[in-house]
Number of protein chains: 4
Amino acid sequence: MINKRGFASDNNSGVHPEILKAISEVNTAHTIGYGDDKYTRQAIEKIKEFFGDNIDVYFVFIGTAANVLGLTSITKSYHSIICAETSHIHQDECGAPEKFSGCKVLTVPTTNGKLTIEGIKHHMYGFNFEHHSQPKVISITQTTELGTVYTPDEINKITDYAHDNGLLVHMDGARISNAVANLGVTYRKITTDTGIDVLSFGGTKNGMMYGEAVIFFNKELSTDFKYIRKQGMQLASKMRFIAAQFNRYLTGDLWLKNASHANNMAKLLAMEVEKIPKIKITQKVESNGVFAIVPKEYIPVLQKEFFFYVWDEGTSEVRWMTSFDTTEEDVRLFVNLLRKIVR
Amino acid sequence: MINKRGFASDNNSGVHPEILKAISEVNTAHTIGYGDDKYTRQAIEKIKEFFGDNIDVYFVFIGTAANVLGLTSITKSYHSIICAETSHIHQDECGAPEKFSGCKVLTVPTTNGKLTIEGIKHHMYGFNFEHHSQPKVISITQTTELGTVYTPDEINKITDYAHDNGLLVHMDGARISNAVANLGVTYRKITTDTGIDVLSFGGTKNGMMYGEAVIFFNKELSTDFKYIRKQGMQLASKMRFIAAQFNRYLTGDLWLKNASHANNMAKLLAMEVEKIPKIKITQKVESNGVFAIVPKEYIPVLQKEFFFYVWDEGTSEVRWMTSFDTTEEDVRLFVNLLRKIVR
Amino acid sequence: MINKRGFASDNNSGVHPEILKAISEVNTAHTIGYGDDKYTRQAIEKIKEFFGDNIDVYFVFIGTAANVLGLTSITKSYHSIICAETSHIHQDECGAPEKFSGCKVLTVPTTNGKLTIEGIKHHMYGFNFEHHSQPKVISITQTTELGTVYTPDEINKITDYAHDNGLLVHMDGARISNAVANLGVTYRKITTDTGIDVLSFGGTKNGMMYGEAVIFFNKELSTDFKYIRKQGMQLASKMRFIAAQFNRYLTGDLWLKNASHANNMAKLLAMEVEKIPKIKITQKVESNGVFAIVPKEYIPVLQKEFFFYVWDEGTSEVRWMTSFDTTEEDVRLFVNLLRKIVR
Amino acid sequence: MINKRGFASDNNSGVHPEILKAISEVNTAHTIGYGDDKYTRQAIEKIKEFFGDNIDVYFVFIGTAANVLGLTSITKSYHSIICAETSHIHQDECGAPEKFSGCKVLTVPTTNGKLTIEGIKHHMYGFNFEHHSQPKVISITQTTELGTVYTPDEINKITDYAHDNGLLVHMDGARISNAVANLGVTYRKITTDTGIDVLSFGGTKNGMMYGEAVIFFNKELSTDFKYIRKQGMQLASKMRFIAAQFNRYLTGDLWLKNASHANNMAKLLAMEVEKIPKIKITQKVESNGVFAIVPKEYIPVLQKEFFFYVWDEGTSEVRWMTSFDTTEEDVRLFVNLLRKIVR
């Protein structure tokens, strides 16, 4: 039987009880819809405490939408967007960026999910040449899809390079809190302070129910975002229930506790797995994901009790994700099973 | 001071306590994301109890998305969509249907929000002529944006006409439950049995938090909807929380109780208002909306205590919406105030 | 047998011999493609002689493209475009404006194809309200699809109203030369001097083979048009052959001679037809089109010898178009036949 | 001074005199517009002589449009299109495929511009997984952008692989005649007989003025192409002038003579250049393009007299294109100059 908490994805977990409570607490009386309410204003103020005052914040339903609408707001259809080949916007959004923005998405192969200037340069040509999609945005993911984390310095290098060349930088922050927890810095340190232009600020993978924020660090870029959001089918009528979640998420360090816990569980898992012969961890464990090569025949046996995904059929690489609610017991049971199978 | 429950919109209300409880009850353990879970399957089964077995059901976040993605799935970009001039898809979706489907939206002026064959015929030409957008869908709203309700017979006339001419019929059912409550029939009677092809089945305006279902009555029309939904940025990761709402909504007649109550409050409001001189009710009160012409100078005075919207500045027509949580006391207070102002 | 010159459309005619000769004359040696050549520069200079120096000019293949790309360059997808219900962009472009620009197209019913401020006002609401497509462009057709012509004063009223309200004005000038010939003014008088923002400047209906110019009267609006044109699939490689046509078209008043002749033939036709009982001319004959109500039974008999289109099946209204190569003999033969049929 | 015939591009040449004559010959009387005329029917029949009867043929203005509209007609927006990294649809269409079709374009690095099954396989995953754009089309270019030519056998391998996996194959045939001339086969041998599904059949780079044909080898794929073409802004009103060109192009082997001549001039150029030290030819010369590495300092000196493009700034690789009108004298003068510079 499948274990009630597996390692498939951090969005297979439910909602943190405090978040649910916060939702419940705003369920009183009537409130103007579509974001013109006090809860939404509070949530925006709360976000400003962490990212600085000089930002614009808009809530949408999900990460794909935050990415696509954020990217659309800073591009025209003849632009191109440069990202890692592993990035969510390229692999996991069913072409939504192309469909909605009209832009070309250009990919860079990486070993660890992190873009480098050298990789980006491969696509930096054809400027002013109308036959060629004009490079306009570099999109990075923090935490990357491979569980690795950009240092502030690495981000700075990319934003400097981008801005020096007339490009903008988008950050897909579906798991940004795990990165912040890992780096031991503030949100601001890896966003506002590094010159990121637009951020998809996610919480659903870290204990929220739904809702994502698009944060603009340059207000000139967001002048028509309210129309883009509406036309992009992402304007919630009962906005207060998204706002309440962000309010609570950013209060009392809930975001940090959840992210740190998930990270710690991943580290524990990796530490234990490393001791097992025949299993090879393939990526640095810097957040809540562990990537490992597991002999093919073991995988279905493991999956019978703990659900998780094969990342790469070819190399027999798997991905194990921990979550805010993963327990040490979950890890122990899983490792024991793996140990048993290997023996 | 603004009264805590106004008459601005049925989405200014909160969430019915039973719906909130249902959300809370599925917040246990891990569940596969993106809809491949037992709660989603249950919700789909529940919907089939009401609409028949031979349907396909997909959940999205909001009504605009249900409309736009439902319409996209049954059109190609060179098609046109015929709707009432007052329809949500034309007036209130910021061009999302055009942007996402590429289709032309053709409008028909109406006095009561209801399309008639005669009105539709105005756009029925240019078939097979490649210069002209090809008419493909008739979209009706049940309950209409003016609070009126199509009878089953009126719908039948439209679906027959559509199908006889090679068109399909979409129903925007953001307030379908209010129509069903008013008609005293079943959902099926005005959808499945009338030959509707695609329905946007809404609950947010009737006590839910978020989430809408797109229902296909002809499964051939939904073969690629899963991709359209994902590319349309409407695939929820923690789907169980939408599913739980629909499960509860359709259990123990909660949907019907909420809708009937809102309708009754509108009728009460209309009945009382009709007695007041100088106020003229402009549309039949068949659901939870009351439309009335109110002398211009009264409006801001009323709005100081009860929030509501002016529908037409030119004619000084206002819209008062009741909700599942509107009380007789709310109506009484409002009517008293209006009476006082008029005097 | 069908007569070799009918009254179906001014694009059923061939190419004026002088235009063909001009094409032939630039067919020498190699020339850089895509518009960076001396012939294209000459054509642009020639156009500036007529429309003023402070313009930007881009060539595309056809009128639909000139309209769609011109409109796209001055809108964002959440905008709406207001036009007459009879306009080409609404009736005859198969939804290309919606598909490519993402905008909503709003129509105004007219009796003579000409927009009025009053008609436009019907759509002027919802500003700043994100649920509603934002009105941004008024598009007028000169000559209209009904053969009527806006006076400079009528255009001025529309451009003033537009600019006062933050909108821009696009002119579909597929038959602008016929209007200029009719008014006895200059191109400039009804475009540059009236504050038109973007013009589709056509010649194909007046003796050219293919090619249309998009003219921007405000250079800030055209900064990225070169990319829009390329992404819009309208950048000609052998551009010199479009340029050569415009060069010749605008030399020695060829444009004016052709347009005046076509207009005169329409006037002659109308004058003669008016004398025939049972035939009723329905629009002022101000260009090269004659609209008339003809008893239904006569139409197929006429069409056997002269090809033309029925404009409105319901009212039995037909459209007869004259062309630069229509002869008095053509008109005489046609009128004789009609007279014979009526008798 | 720039030589009147350079080696910049085969579209810098003019129009073959016979093509121009053919255009002139159809310039008589009135003809129904938009393709419903005898010249267009003749041209389609002519094309069927070469490609087989069981095809559908539509004319558009340019190669970019032929590619984009052909691809759009065989995809839905959630599909992906696999092509060589050097392909025109990826490098040189300013994102038109993404903008118009909504699809994702996936690239494969190649050394010679030719896709291989192995390269294609890199993108063949995620089927049925709604998060991922669904691979649907393999697009190959014949002749490739690097002047190389697929053998019939190489194409067969790709079409078989595609069809076995539920994909379709598009061929960008902007220079297909050069490939046919090089292979010494028929058009049919590398298209109809290999199972190509859609072909962009070009002539502008081989002596025509404008116009391209989209050929469907499976008529089920073209059922709505007439609307796609119109909405794609590619329906020519005076279609006869495109048709006349194709009629002449395919008569008396003009297409083959032109292509063979251009190929021969490229071979001659390559043969002579190979003898010059320091110049290194980088691709097989199988059509009318010669790619060579030329020391950086020589390039501007050469360009002063003969215009051509640098293909890769990094490696100092240049592209020299010959044309139907390139003469042996042109080649001789160019080679002499190069020889002089090198010495």
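Residues numbered from 1 in each chain as written. Chains lettered and ligands numbered in written order. Predicted model: local features only at pLDDT ≥ 70, side-chain atom pairs only at ≥ 80, totals over all residues. Heavy atoms only, no water.

(A) Broad picture of the overall build of chain A. On a plain count of helices and strands, chain A comes out with 14 helices and 11 strands. Whereas a compact globule of 343 residues would reach a radius of gyration of roughly 20 Å, chain A reaches 20 Å, a difference of no more than 12%. Taking the principal axes of its C-alpha atoms as reference, chain A extends roughly 60 × 55 × 35 Å. Evaluated residue by residue, chain A yields a buried proportion of 67% over its 343 residues. By sequence separation, contacts in chain A at least 24 residues apart represent 74% of the contacts at least 6 residues apart. (Helix = DSSP H or I, 4+ residues; strand = E, 2+ residues; numbered from the N terminus. Rg over C-alpha atoms; globule rule 2.2 N^0.38 Å. Buried < 20%, exposed > 50% of the residue type's maximum accessible area, 1.4 Å probe, protein only. Contact = heavy atoms within 4.5 Å.)

(B) Structural view of the interface of chain C and chain D. With 52 residues of chain C in contact, the opposing surface of chain D contributes 53 residues. Buried surface at the junction of chain C and chain D, both sides included, amounts to about 4,500 Å², of which 60% is carbon and sulfur. Looking at the side of chain C facing chain D, the largest losses of area belong to His30(C), Met233(C) and Lys238(C), adding up to 20% of the total buried there. Between chain C and chain D we count 0 salt bridges in total. Across the contact surface, chain C and chain D share 32 residue pairs in polar contact (both at pLDDT 80 or more). (Buried area = accessible area lost by both parts, 1.4 Å probe. Salt bridge = Lys/Arg side-chain N within 4 Å of Asp/Glu carboxyl O. Polar contact = N/O pair within 3.5 Å; in protein donor to acceptor, adjacent residues only side chain to side chain.)

(C) Expanded view of the sheet that holds strand E1 (residues 56-60) of chain D. Residue and element names in this part refer to chain D. Ordered in space as E1-E7-E6-E5-E4-E2-E3, the 7 strands form an open sheet in which the pairing is mixed. Two strands lie at the open edges of the sheet, namely E1 and strand E3 (104-108), each paired on one side alone. Neighbour-to-neighbour, the strand axes of the sheet open up by a mean angle of 25°, direction not taken into account. By the bridge criterion, 4 bridges tie strand E5 (residues 168-173) to strand E6 (residues 198-202) in an arrangement that is parallel. By the bridge assignment, glycine 173 is partnered in E6 with phenylalanine 201. (Pairing = 2+ DSSP bridges. Axes fitted to C-alpha atoms, helices over the stretch in contact; angles between N-to-C directions.)

(D) Representation of the packing of helix H1 (residues 17-25) of chain C against helix H11 (residues 240-249) of chain C. Residues and elements named next belong to chain C. Between H1 and H11, the shortest axis-to-axis distance is 8 Å and the interhelical angle comes to 135°. By the criterion of interaxial angle, the relationship of H1 to H11 is oblique. Here H1 runs over H11; the crossing is right-handed. Facing Glu18, Ile19, Ala22 and Ile23 of H1, the residues of H11 in contact are Phe241, Ala244, Gln245, Arg248 and Tyr249. Here the contact of H1 with H11 is built from residues that sort into 6 nonpolar, 1 polar and 2 charged. (Parallel < 35°, antiparallel > 145°, perpendicular 65-115°, else oblique. Left-handed = near helix turned anticlockwise from the far one by under 90°. Nonpolar A, V, L, I, M, F, W, Y, C, P; charged D, E, K, R; others polar.)

(E) Looking closely at the relation of the copies chain C and chain D. Superposition of chain C onto chain D requires a rotation of 180° combined with a translation of 0.0 Å along the rotation axis, giving an RMSD of 0.0 Å. The transformation relating the two chain copies, once decomposed into turn and shift, fits a two-fold axis. A high fraction, 100%, of the interface residues of chain C reappear at the interface in chain D, so the copies pair face to face through one surface. (Least-squares fit on C-alpha atoms with pLDDT ≥ 70 in both.)

(F) Region of the structure containing the packing of aromatic side chains. Using the criterion set out here, one finds 100 aromatic pairs over all chains in the structure. In textbook terms, an aromatic cluster arises when at least three aromatic residues are bridged by ring pairs, as seen for Phe50(A), Phe51(A), Phe59(A), Tyr187(A), Phe201(A), Phe217(A), Phe246(A), Tyr249(A) and Trp255(A). The ring of Tyr150(A) carries the charged tip of Lys114(A) above its face, separated from the ring centre by 5.9 Å. Directly above the aromatic system of Phe100(D) lies the positively charged group of Lys99(C), at a separation of 4.4 Å from the ring centroid. (Phe/Tyr/Trp six-rings, centres within 6.5 Å; stacked < 30°, edge-to-face > 60°. Lys NZ or Arg CZ within 6 Å of the ring centre and 35° of its normal.)

(G) Up close: the relation of the copies chain B and chain A. Screw-axis analysis of chain B against chain A gives a translation of 0.0 Å along the axis, an RMSD of 0.0 Å, and a rotation angle of 180°. Here 100% of the contact residues of chain B are again contact residues in chain A; the copies associate through an equivalent surface.

(H) Looking closely at the interface of chain B and chain A. Contact with chain B, which involves 54 residues of that partner, is made by 54 residues of chain A. Across the chain B to chain A interface the summed buried area is about 4,400 Å²; carbon plus sulfur atoms make up 60%. Counting the contacts that link chain B with chain A gives 0 salt bridges. Across the contact surface, chain B and chain A share 32 residue pairs in polar contact (both at pLDDT 80 or more). Among the secondary structure elements, those contributing two or more residues to the side of chain B that touches chain A are helix H1 (17-25), helix H3 (63-73), helix H5 (96-101), helix H10 (225-231) and helix H11 (240-249) of chain B. Ranked by residue count, the leading element in the side of chain B that touches chain A is H3(B), at 4 residues.

(I) Seen up close, the confidence of the model for chain A. On average, residues of chain A score 96 in pLDDT, and 99% of them are at 70 or above. As scored by the predictor, the complex reaches a pTM of 0.97 and an ipTM of 0.97. (pLDDT = per-residue confidence, 0-100.)

(J) Seen up close, the environment of Asp53(B). Residues and elements named next belong to chain B. Along the chain, the position of aspartate 53 falls in the loop between helix H2 (38-51) and strand E1 (56-60). Along the sequence, aspartate 53 and valine 318 sit 265 residues apart, while their C-alpha atoms lie 41 Å from each other. Among all residues touching aspartate 53, those that are not within four sequence positions of it are Lys48 and Lys219.

(K) Region of the structure containing the pairing of strand E4 (residues 134-141) of chain A. Residue and element names in this part refer to chain A. Across the 8 residues of E4, 7 count as buried, placing the element largely inside the fold. Note: strand E2 (residues 79-84) against E4, 5 bridges, orientation parallel. Paired with isoleucine 81 across the two strands is valine 137, which belongs to E4. By the bridge criterion, 5 bridges tie E4 to strand E5 (residues 168-173) in an arrangement that is parallel. Bridge pairing in E5 links isoleucine 138 to valine 169. At this point the chain moves from E4, through helix H7 (residues 152-164), to the parallel E5, and the crossover so formed is right-handed. (Right-handed = clockwise from strand over helix to strand, strands pointing away.)

(L) Layout of the sheet that holds strand E4 (residues 134-141) of chain B. All names here are of chain B. The sheet built from 7 strands is open, its strands ordered E1-E7-E6-E5-E4-E2-E3 with mixed pairing. Because the sheet does not close on itself, it has two edges, and the strands there are E1 and strand E3 (104-108). Direction aside, neighbouring strands of the sheet carry axes that sit 25° apart on average. Its contacts with the sheet put H3 on E1, strand E2 (79-84), E4, strand E5 (168-173), strand E6 (198-202) and strand E7 (212-216), and the angle it makes with E7 is roughly 20°.

(M) Highlighting the side chain of Asn12(D). Here Asn12(D) lies in the segment before helix H1 (17-25). Within polar-contact distance, the side chain of Asn12(D) engages the backbone nitrogen of Gly33(C) at 3.2 Å. Look past the residues within four positions of Asn12(D) in its chain and what remains in contact with it is Ala29(C), His30(C), Thr31(C), Ile32(C), Gly33(C), Arg240(C) and Phe307(D).

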